[in-house]
Structure formats: structure tokens, C-alpha cells
Amino acid sequence: MRKVIGIGETILDIIFRNGQPTAAVPGGSVFNGIVSLARTGVPVSFISETGNDQVGNTILQFMQDSGMSTEYVNVFPDGKSPVSLAYLNEHGDAEYIFYKDYPKQRLDVVFPKLEEDDIVVFGSYFALNPVLRDKVQDLLEQAREKKAIVYYDPNFRSSHKDEAIKLTSTIIENLEYDIVRGSIEDFFYMYNQKEVDKVYKDKIRFYCSNFLCTAGAKEISLRTKSITKEYAIPPLEAVSTIGAGDNFNAGIIYGLLKYNVRHCDLGQIDEATWDKIIRCGIEFSADVCRSFNNSISPEFARQLPPIN
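Keep in mind the model is a prediction, meaning the values are calculated, not measured.

A. Representation of empty space enclosed by the protein. Following the criterion strictly, the structure yields 2 cavities of 30 Å³ or more and no others. Approximately 90 Å³ is the volume found for the largest cavity. Forming the walls of the largest cavity are 14 residues, and the residues nearest its centre are S29, V30, V121, D246 and N249. For the lining of the largest cavity, the leading source of residues is helix α1 (residues 29-39), giving 5 residues. Classifying every residue of the lining of the largest cavity gives 7 nonpolar, 5 polar and 2 charged. As a volume, the second largest cavity reaches approximately 40 Å³. Here the lining of the second largest cavity is composed, by residue class, of 3 nonpolar, 5 polar and 1 charged.

Structure (C-alpha cells):
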């Protein structure tokens with residue numbers, strides 16, 4: 001059975017509503033999607049790091065409870081596990097404050113073994129950070145060599161927009177894989193550009209032909225060599241939008257597995273298949289918005305047909 005391997009940070013999100021702490025949920029952009037995939041029964045591995053403290057123990061226990069192995073999580077003895085404060089507005093959208101205290105030695109782990117048609121997910125500043133770059137590149141090179149599908153979500157926050165030019169060459173390296181999915185905000189902070197077609201033609205297409213762009217509760221845009229299409233998102237009363245994009249990614253990956261899209265198929269996925277894959281992304285994302293959880297609910301996961 002095909003596996004999904006994620007690499008990224010783990011963090012404890014403390015969620016505030018109306019100025020009061022409402023929930024504390026393990027998170028991290030790639031982590032949120034990998035937890036969801038684990039709940040659907042997909043074999044997953046997650047490469048990360050956490051501190052040897054209460055927060056780290058909470059995250060490791062949460063992974064085990066979600067059916068995930070902690071084998072590839074480096075527990076560092078110095079430093080502290082990262083925490084974020086997420087302040088929700090009336091639409092359920094969050095503003096973050098991050099608290100991080102990492103040691104000098106980072107991500108001291110052995111990677112899981114990759115095989116053809118496995119799916120590797122990476123993104124965020126984690127994938128651009130010079131301190132972690134060699135480790136991330138090792139995994140990406142292994143994925144390319146084995147013909148695993150590589151899925152990149154830039155998840156580029158406003159706090160890094162002043163570094164965008166300096167990070168250009170690393171971003172380009174990350175785009176040179178199989179599927180790119182970003183939000184229109186990501187590309188605004190990276191390229192000062194908010195028009196999907198311009199982003200695809202000027203910044204993405206040369207490196208990666210399969211491009212998905214989301215815009216919050218607005219439409220989803222798909223661009224490939226042969227398809228230009230927008231998808232409407234059904235209206236939804238969101239409790240929290242934390243994890244919405246991460247779980248859109250998880251749904252797309254679930255769809256790639258469910259509809260048996262392999263590495264050799266990436267250049268010729270037809271419109272009908274993309275429609276079904278994107279529907280999975282929308283459904284996963286909608287489920288997450290209905291609660292304070294960063295991943296799909298076990299109830300939603302149980303309703304999904306198992307992937308053979």
C-alpha cells in the first residue's frame with residue numbers, strides 16, 4: 001500500500017476566542033494534514049522534532065492516539081517545544097503569535113524508506129529555513145530518485161515577506177516537483193501578486209505544471225498544461241479556519257490515492273479525475289472548519305471509503 005510521508009514542524013496551538021483561551025490543539029501545517037490522513041487509515045510517517053517537555057509529550061501522545069508512529073520525531077533535550085497563540089476573529093480566521101526556542105542541533109532523525117508512488121508533503125518556512133534545508137533536500141532528492149509524488153504548499157506567512165527575495169532560489173527549488181498548492185495570500189507575500197493566471201504563468205508553470213490555488217472561502221483555481229478551471233466552495237458557517245488549507249491538502253492527497261493517480265500519470269490527469277480529487281479537498285477542509293480541531297474528525301474519517 002502506498003504511503004504518505006510528511007516533513008514539518010509540530011506546535012501546540014492555544015486558540016483564543018473573544019480574548020479567552022478556548023482550546024489547545026497540537027498543530028503544524030503539514031502535521032495537521034498528516035493526522036487527517038492517518039485517521040482515514042492511510043499509512044503515514046511524519047518527520048519532525050519536539051522538546052522533552054509537557055508540550056512535547058502532549059504532541060507525541062496525540063500522534064499515538066491518532067494512529068501515527070512517533071519513530072521519526074526527534075525529541076531534543078535542550079530548548080522547548082514551540083507554542084502558538086491563535087486569536088480567532090468573528091469569521092473564525094486566526095492571527096498568530098509564535099513562541100519558539102529550538103536547540104542548535106535540529107532534526108536528528110533517520111528518514112523512512114520511500115518507494116515509487118508514495119507521496120511526500122512539505123512546505124511552510126520549515127522548507128525554506130537554512131538551518132533545516134539540507135535535511136529537507138535529502139528527502140526531496142530521495143523522493144525524486146524513487147519517483148514518489150512530491151506535494152508542496154508554500155504556506156508563506158506575512159512575517160517572512162521581507163525575506164521573500166532572499167529566499168527566491170530556495171522557493172524555486174521547492175517548486176520543481178509535482179504539485180504546488182498555495183493560497184492567494186502566499187503568492188501575494190512571496191511575489192506581491194494576487195492574480196492566479198499571472199502567478200501560474202510567470203512564477204509556477206515553468207517549474208511545475210500542476211497548480212492549485214485557494215482563496216479562503218472563495219473559489220479554488222486549477223491550472224495544468226491542459227486545464228484552466230475554477231471550483232465554487234459551498235457556503236459554510238466556520239467555527240475556526242485553522243487547518244482549512246492543510247486539510248484541503250490532505251483531501252487532495254486522499255483523492256490522489258483513492259483515484260489511483262501515480263507518478264507516471266501526473267502529466268495527464270483528466271478533468272473528471274481532477275473534479276473528484278478537488279471534491280475530496282473541499283470536503284476535508286469543510287469538516288475541519290466545523291470545530292476547533294486542526295484535523296478531520298474521527299467520525300468524518302469513518303464515513304470515508306477505505307483506500308485499497
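B. Broad picture of the side chain of R223. Take R223: it is sitting in strand β12 (residues 220-223). In this structure R223 comes out as buried when scored by relative accessible area, which is 4%. A polar side-chain atom of R223 sits 3.4 Å from the main-chain carbonyl oxygen of K229.

Definitions and cut-offs
Residues numbered from 1 in each chain as written. Predicted model: local features only at pLDDT ≥ 70, side-chain atom pairs only at ≥ 80, totals over all residues. Heavy atoms only, no water. 1 Å grid on protein atoms, 1.4 Å probe; cavity = no way out; pocket = protein on both sides within 12 Å on 5 of 7 lines; lining within 4 Å. Points joined across faces, edges and corners; volume = space filled by probe spheres on them. Helix = DSSP H or I, 4+ residues; strand = E, 2+ residues; numbered from the N terminus. Nonpolar A, V, L, I, M, F, W, Y, C, P; charged D, E, K, R; others polar. Buried < 20%, exposed > 50% of the residue type's maximum accessible area, 1.4 Å probe, protein only. Polar contact = N/O pair within 3.5 Å; in protein donor to acceptor, adjacent residues only side chain to side chain.

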